[in-house]
Amino acid sequence: PIAFCTIRHRPSQRASIGLFGVSGQFQGKGLGKLLISQVASILKEKRVEVLDVVTQGRNYAAQRLYQSAGFRTHSTELWFHKWLKY
């Protein structure tokens, strides 16, 4: 695949983007924005009123893509992981 997007339908006309990606050799050509636009159109036809997505804070390219497609940043959080050795 050149690009992919997974969607999870939620109650009350909501959906969430799970995984989203564009193959490295095709990045920077507008395909991500086109895919987001198509996904949003399909979900709108299905009467989904809210589409949300979570991405890593340091993934600036993803943030720019989502913002350019009309998404707004709702919140930011820091997550720390503790690794244990057994």
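You'll find the structure just up there.
Reading the values: rules and limits
Residues numbered from 1 in each chain as written. Predicted model: local features only at pLDDT ≥ 70, side-chain atom pairs only at ≥ 80, totals over all residues. Heavy atoms only, no water. Helix = DSSP H or I, 4+ residues; strand = E, 2+ residues; numbered from the N terminus. Buried < 20%, exposed > 50% of the residue type's maximum accessible area, 1.4 Å probe, protein only. Lys, Arg positive; Asp, Glu negative; His and termini not counted. Charge placed at Lys NZ, Arg CZ, Asp CG, Glu CD. Arc of directions from axis to C-beta. Contact = heavy atoms within 4.5 Å. Polar contact = N/O pair within 3.5 Å; in protein donor to acceptor, adjacent residues only side chain to side chain. Phe/Tyr/Trp six-rings, centres within 6.5 Å; stacked < 30°, edge-to-face > 60°. Core = buried A, V, L, I, M, F, W, Y, C linked by side-chain atoms within 4.5 Å.

Outline the overall build of the protein, supporting the account with residue identities and numerical values.
A count of helices and strands for the protein gives two helices and three strands. Secondary structure elements of the protein occur, N-terminal to C-terminal, as β-β-α-β-α. The buried share of the protein, taken over its 86 residues, is 17%. Of the charged side chains in the protein, 13 are positive and 4 negative, and the gap between their average positions amounts to 9 Å.

How would you summarise helix α2 (residues 60–68) if you had to cite specific residues and measurements?
Of all the positions in α2, only Ala62, Leu65 and Tyr66 are classed as buried. Seen along its axis, α2 keeps its buried residues to an arc of 95°; they face one direction. Looking at α2, the residues exposed on the side facing more than 90 degrees away from the buried face are Tyr60 and Arg64. Buried positions along α2 lie against β2 (14–22), α1 (31–45) and β3 (50–53).

Before we move on, could you go through the side chain of Ser16 and cite the residues and values that matter?
One can find Ser16 in strand β2. You can call Ser16 buried: its relative accessible area is 8%. Polar side-chain contacts of Ser16 include one of 2.4 Å to the side chain of Asp52. Once residues lying within four places of it in the same chain are set aside, the contact partners of Ser16 are Thr6, Ile7, Arg8, Arg10, Leu51 and Asp52.

Could you give an account of the environment of Gln63, naming the residues involved and the relevant values?
Locating Gln63 in the fold gives a position in helix α2. The partly exposed category is assigned to Gln63, whose relative accessible area is 24%. Measuring from C-alpha to C-alpha, the distance between Gln63 and Val53 comes to 9.9 Å, with ten residues separating the pair along the chain. The contacts of Gln63, once residues within four sequence positions are left out, are Thr55, Gln56, Gly57 and Arg58.

Let's hear about the packing of aromatic side chains: which residues, and what values?
All told, the structure shown has two aromatic pairs when counted by the stated rule. Consider the rings of Phe20 and Tyr66, whose centres lie 6.0 Å apart with planes at 65°: the pair is edge-to-face. Of this pair, Phe20 sits in strand β2 while Tyr66 sits in helix α2, and the two are 46 residues apart along the sequence. By the burial criterion, Phe20 is buried, and Tyr66 matches it.

Describe the nonpolar core, and please don't skip the residues or the numbers.
Of all hydrophobic cores here, the largest spans eight residues; its members are Ile17, Phe20, Val22, Ile36, Ala62, Leu65, Tyr66 and Phe71. Broken down by secondary-structure element, the contributors of at least two residues to this core are β2 and α2. Contact partners of Ile17, with chain neighbours within four places excluded, come to Cys5, Thr6, Ile7, Ile36, Leu51, Asp52, Val53, Tyr66 and Phe71.

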